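# Fold and geometry: a report
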Amino acid sequence: MPMRYLVVGGGLMGCAVALELARRGQRVTVLERAVPGAEASSAAAGILAPRVEAHGQDLPRKYGIHSLGLYPAWVQSLEEATGLSSGLWPSGLYRVVGEGEDPAESCPDVESIWTTDLPESLSHVPGAWWLPEEASVEPPRLVVAVRQAAERAGVHFVTGVPVRRVGADGVELDGGGYISGKPILCAGAWTGKVEGIPTLPVHPVRGQVMELRAAPGQLAHVVFCKGGYLVPRKDGRVLVGATMEEVGFERGVTPKGLAYLAEVVRQGAPWLVDAPMTRSWSNFRPASPDGQPMLGEVEGVYVVSGHHRNGILLAPLTAQVVAGALLDGLPVPEGWELARFLPPP
Ligand SMILES: Cc1cc2nc3c(=O)[nH]c(=O)nc-3n(C[C@H](O)[C@H](O)[C@H](O)COP(=O)(O)OP(=O)(O)OC[C@H]3O[C@@H](n4cnc5c(N)ncnc54)[C@H](O)[C@@H]3O)c2cc1C
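These numbers come from a predicted model, not from an experiment. (Residues numbered from 1 in each chain as written. Predicted model: local features only at pLDDT ≥ 70, side-chain atom pairs only at ≥ 80, totals over all residues. Heavy atoms only, no water.)

Moving on to the domain arrangement of the chain. Looking at the chain, the domain boundaries give domain 1 (4–82 + 139–202 + 289–341) and domain 2 (93–132 + 203–287). Just the C-alpha atoms count here: the centres of domain 1 and domain 2 sit 27 Å apart. Between domain 1 and domain 2, roughly 2,100 Å² of surface is buried when both sides are summed, and carbon and sulfur atoms account for 63% of that area. Linking domain 1 with domain 2 are 4 salt bridges. (Domains from an automatic or database assignment. Buried area = accessible area lost by both parts, 1.4 Å probe. Salt bridge = Lys/Arg side-chain N within 4 Å of Asp/Glu carboxyl O.)

By the element assignment, histidine 203 lies in strand β13 (residues 203–213). On the basis of relative accessibility, which here comes to 29%, the residue histidine 203 falls in the partly exposed class. With 88 residues separating them in the primary sequence, histidine 203 and glycine 291 have C-alpha atoms 10 Å apart. Every residue in contact with histidine 203, bar those within four places of it in the chain, is listed here: Glu246, Arg285, Pro286 and Ala287. (Helix = DSSP H or I, 4+ residues; strand = E, 2+ residues; numbered from the N terminus. Buried < 20%, exposed > 50% of the residue type's maximum accessible area, 1.4 Å probe, protein only. Contact = heavy atoms within 4.5 Å.)

Moving on to the site of the ligand. Taken together, 38 residues form the shell around the ligand, and within it Glu32, Ser41, Ile47, Arg309 and Leu313 come nearest. One of the side-chain N or O atoms of arginine 33 is found 2.9 Å from an oxygen atom in the ligand. Within the backbone of leucine 313, a nitrogen or oxygen atom sits 2.8 Å from an oxygen atom of the ligand. Considered on its own, the ligand offers 1,000 Å² of accessible surface; in the complex 98% of this is hidden by protein. Only α1 (12–23), β2 (27–32), α2 (40–43), β13, β17 (277–287) and α7 (311–328) provide two or more residues apiece to the shell around the ligand. (Near = heavy atom within 4 Å. Polar contact = N/O pair within 3.5 Å; in protein donor to acceptor, adjacent residues only side chain to side chain. Areas by Shrake-Rupley, 256 points an atom, 1.4 Å probe, with all protein chains shown as cover.)

With that out of the way, let us pick up the sheet that holds strand β4 (residues 93–96). Reading across from one edge, β5-β6-β4-β14-β15-β16-β13-β17 is the order of the 8 strands in this open sheet, with mixed pairing throughout. Lying at the two open borders of the sheet, with one neighbouring strand each, are β5 (113–115) and β17. The sheet shows a mean angle of 25° between the axes of neighbouring strands, direction not considered. Two elements, β13 and strand β16 (residues 237–241), share 4 bridges in a ladder whose sense is antiparallel. Bridged to leucine 212 within β16 is valine 238. Contacting β4, β13, β14 (222–225), β15 (228–232), β16 and β17, helix α6 (residues 255–268) crosses the sheet at an angle of about 55° to β13. (Pairing = 2+ DSSP bridges. Axes fitted to C-alpha atoms, helices over the stretch in contact; angles between N-to-C directions.)

This part covers the nonpolar core. Grouped together as the largest cluster of nonpolar side chains are 50 residues, with contacts concentrated most on Trp74, Leu142, Val146, Ile184, Tyr302 and Val304. For this core, the secondary-structure elements that each account for two or more residues are β1 (4–8), α1, β2, α4 (58–82), α5 (139–152), β19 (301–305) and α7. Here this core gets 11 residues from one element, more than from any other, and that element is α7. When residues no more than four places from it in sequence are discounted, the contact partners of isoleucine 184 are Tyr5, Leu6, Val7, Val8, Val17, Leu21, Tyr302, Val304 and Leu326. Leu122, Met210, Val238 and Val240 belong to the second largest nonpolar core, which has 22 residues in total. (Core = buried A, V, L, I, M, F, W, Y, C linked by side-chain atoms within 4.5 Å.)

Structural data, given as structure tokens:
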């Protein structure tokens, strides 16, 4: 009888790890305090932009490009299992250069191409950096697809169940009850709040997002500008993101946050300044001190956290790495080891 894994937290990380383990023949239960995907994973804009997000760092760039490369087959496997699309859109990305910015200094990556041959939606700028391989996905749809695929692969989901404490042999639930198994802690920004292991240095970075309504096709690429981005959906919605705020676990959309996002619209797509705002929201990125993931075991508990701004991008690679570590004893990628945040043994 294979070991039972207890995944604590049903965000994209928890669901993706659970799915991968189940596909590899393991018994898995996901324990989620609310609804799977309710937190950062559904709040994310869904940009898959490894080159822009690496800020010139070799290893994050390499892992991001690898994970983006896994996306087409991953979402296809989800669609085959569930019939659900995840909204993967290989649209490419423009980095526009704003007033007072130096084009050379705003070049996002060595592969960027400077172009003045721009679509109508960028007619307000003389030129922009173009990255054809960057893409986007729709996180709320992706999480539902991963969750359903996991259920079909045999994963058992228990929702509305906060876990209070984790230990090598199982988890204690808030309000009583103990479940035996091997814990995998995927609690996102709340990772440091779960008892039973040394407090891990994951802190919340709040991001506010607003959604505008444009005509379908009016914006057909991800647009980055200084301080933010616009992400189109095929039905005409445009997500504008995102603030980066150190406010603890204070939820909320604020006038200051909306003003910041309005400035992103002014720079990236000024023709949208009068577009109706259909929704806005905020949530918490799980940030490690160096902004990179933390994967590994402490006191018998396997930790999967710290994906900060790139958890959607890195989900398929993370799921493979965690399954490889747990089932085959493979090492985690250099720079992702949890051990860098633990006292030396
Ligand atoms: C505004 C915003 C925009 C973003 N945009 C992008 C983007 O464009 N591209 C990208 O790649 N990434 C983006 N991200 C980052 C990405 O969303 C995260 O890195 C990723 O979703 C983290 O996934 P997770 O499963 O670790 O965390 P979460 O999705 O937060 O999931 C953690 C889960 O654990 C549960 N939980 C917590 N504590 C307990 C407990 N004690 N017991 C049981 N359950 C518990 C929570 O309820 C939650 O469901 C963005 C994030 C934000 C906030």
